[in-house]
Amino acid sequence: MKPESRGFVRQGAWMVVAAMSGGLAMMLVHTWVSKACGGAAYAEFKTLLSTFYAVAAVGGGLWVSFAQRTASAVTEDGLATVGRHARWTLAWLGLGWWVVGVILWWMQGHLVAAWKLAGAGGLWATWLLGLLTLWLSVLRGVVQGRQRFGALGGVAILDGIGRLAAVMLLVTWWQASATGAVMGAVVGCGLALALGAWGARDVLALRRSGARGGANHAGWGGSGTALLALQAAALQVFQQYDNLFWAGAIPADALRAWSLGTNYSPAQTVGFGITQFTVPLVLVMLPRVARAAALGEGTGTLRLTLWCTGVMGGLAALACTVAPRLPLQVMFFNNPASWVAAPLVPWFAWAMVLFALANVVLNDLVARGHVRVTWIVAGVAAAYVMTLGWLRPHWVTLPPMDAYRSGVQVLCGATAALLVASVWARRAWVGQATTTPA
C-alpha cells in the first residue's frame, strides 16, 4: 500500500471511530428523549432538530469553505489571511444571529402553531444551538484544513458524548421536554466549541507580515461561501426536510393515528446514523484533494474514498435490509412501539448510502474549486421538495405507513438522482482549470 493510502486509511479510520462514537452518543440522545419524554415530545424534538439543521446548514458551507482555504494556504501569510477571515466571520456571525433572533421573536407564535410545539422555549434553545454550531463550523474548517484530525475527531466525540450527558442531566433534573433535550445539545456543542478553538488557536492568532499570496482563494470569497452555504442547505433537505414535511402535512386531528414520533422518526434516525460512519471519510479526503490541487499534484484519494464509503455503507444497508427491526431494537430497545417503523428502515438505509456516495463526489468537486455544482444540488433538492408537495394531497388519504413508505421511496429516487448528477458533473468538469493563484 502506498504511503498516501496508508495515511488516508489511518486518518480515515480515526475519523470513522470518532464519528461513530459521537454519532452513537447522538443516537442515544434520541433513545433517551423518546423514553424520558414520550412520543409527542420526541416528535417535537425531531421537528426542532430538523429546523436547526435547515437553519444552521449555512454552517456546512462555512466549514467546507474554511477547510478548502486553510488546506490551500501554502505559506504563513496565506494562513494569516485565513485567520483574519475566520476572526471577522466569527464576529459577523454573532451580530447577524441577533438579527435572526429579532425575526424569531416576531414569528414565534406562528411557528409554534404551525409545527404544533408545546411552547416557544424549544425555538429559543434551537436558536442558541444554531449560533454555537455556526461558530463551531468555522473552527472545524480551520482544524480540518490543517489536517489536525486528532483534534477534529475529538470535537466530534465531545459534541456527541457531551451532548448525551447534558441531555440526560437536563431532561432528568430540569424538564422532561423537547426544550430540555435541545438545551442539552447546546451544552454539548459548547464543549466542542472550546476544543475547536484550541485546535485552531495558532491560525486565529496569526497576523500577516505584509506579503501577498500563499493561499488559493479564487472563487472562495463571499459569493463562493454563499454558494457553499446554499449547497449545504440543499444537502440537508435530503436528510431532514421529510420530518418537517410530515409534521406540517399530518392533520391536527390525526396526530395519534399517524404517530410521527414512533412510526416514522425512528427509521429516519437509523438512516441518519449510516451517514455518521460514511461521511467522515470525506473529512479526510477534502483537504488532501484541495492541497494537491493548489500544488498542481495528482491524487487518488477520491477513488479510495468512494470504495471505502460504498463498502461500509453497502454492508450497513444490507444488514438493515435483512434484519430491519434489529437497528430499531438496538437504538430503541426500551420503546417497542418504535419497532413498527421497521418496514421503512431498508429504504432509509439505501437512500443514505446513495446520499453518502454523492457527497463524496460533490466534495471532490468543491475541493477543486467547482462551487458551481451547488446549482445542480439545489435543483435536485428543489425537485424533491416539489414532488413531496405534489403528492401530499394523495398521501394524506392513505393509511399512514403506506404514505410514509411512499415518501421514503421518493427520497431514494432523489438521492439516486443526486448521485447520477454529481458523477456527470465530475466527468464533465474535472480536467479543466479549476484554480487561479491569488
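What counts and what doesn't
Residues numbered from 1 in each chain as written. Predicted model: local features only at pLDDT ≥ 70, side-chain atom pairs only at ≥ 80, totals over all residues. Heavy atoms only, no water. Helix = DSSP H or I, 4+ residues; strand = E, 2+ residues; numbered from the N terminus. Rg over C-alpha atoms; globule rule 2.2 N^0.38 Å. Buried < 20%, exposed > 50% of the residue type's maximum accessible area, 1.4 Å probe, protein only. Contact = heavy atoms within 4.5 Å. Areas by Shrake-Rupley, 256 points an atom, 1.4 Å probe, with all protein chains shown as cover. 1 Å grid on protein atoms, 1.4 Å probe; cavity = no way out; pocket = protein on both sides within 12 Å on 5 of 7 lines; lining within 4 Å. Points joined across faces, edges and corners; volume = space filled by probe spheres on them. Nonpolar A, V, L, I, M, F, W, Y, C, P; charged D, E, K, R; others polar. Polar contact = N/O pair within 3.5 Å; in protein donor to acceptor, adjacent residues only side chain to side chain.

A.B. asks: Now, about the overall build of the protein chain: what can you tell me, with residues and values included?
C.D. replies: Check the secondary structure of the protein chain and you find 18 helices and zero strands. For 438 residues, the compact-globule estimate of 2.2 N^0.38 gives 22 Å, and the C-alpha radius of gyration of the protein chain, at 21 Å, lies within 12% of that figure. With the principal axes as the frame, the protein chain shows a C-alpha extent of 65 × 40 × 35 Å. Within the protein chain, buried positions represent 57% of all 438 residues. Counting contacts in the protein chain only where the partners sit at least 6 residues apart, residues at least 24 apart contribute 83% of the total. Entry remark: accessible area of the protein chain is about 17800 Å², with carbon and sulfur atoms responsible for 69%.

A.B. asks: Can you tell me about the layout of surface pockets, naming the residues and giving the values?
C.D. replies: Its boundaries defined by the atoms lining it, the largest pocket holds a volume of some 420 Å³. Residue lining of the largest pocket: 18 residues in total, with Met27, Gly273, Phe277, Pro327 and Met331 positioned closest to the centre. Listed by contribution, the elements that provide at least two residues to the lining of the largest pocket are helix 1 (3–37), helix 12 (265–276), helix 14 (301–322) and helix 15 (325–331). It is helix 1 that provides the largest number of residues to the lining of the largest pocket, a total of five residues. Here the lining of the largest pocket is composed, by residue class, of 15 nonpolar, three polar and no charged. Within this model, the second largest pocket holds a volume of roughly 360 Å³. As for the second largest pocket, its lining consists of 16 residues, and the residues nearest its centre are Gly39, Ala40, Ala43, Leu255 and Leu260. When contributions to the lining of the second largest pocket are tallied by element, the ones reaching two or more residues are helix 2 (39–55), helix 9 (222–249), helix 10 (255–258) and helix 11 (260–263). Top contributing element to the lining of the second largest pocket by residue count: helix 2, with five residues.

A.B. asks: Describe the side chain of Asp159, naming the residues involved and giving the relevant values.
C.D. replies: Note that Asp159 resides in helix 6 (residues 149–173). The buried category is assigned to Asp159, whose relative accessible area is 5%. A polar contact is formed between the side chain of Asp159 and the side chain of Arg163, at a distance of 3.2 Å. If we skip the residues at most four places from it in the chain, Asp159 touches Met26, Arg140, Gly188, Cys189 and Ala192.

A.B. asks: Residue-level account of the environment of Gln268, with values.
C.D. replies: Residue position: Gln268 is located in helix 12. Relative accessible area serves as the criterion here: at 3%, Gln268 is assigned to the buried category. Those residues in contact with Gln268 that lie beyond four places of it in its chain are Lys46, Gln239, Gln240, Asp242, Asn243 and Phe348. For Gln268, the side chain forms a polar contact with the main-chain oxygen of Gln239, separated by 3.4 Å.

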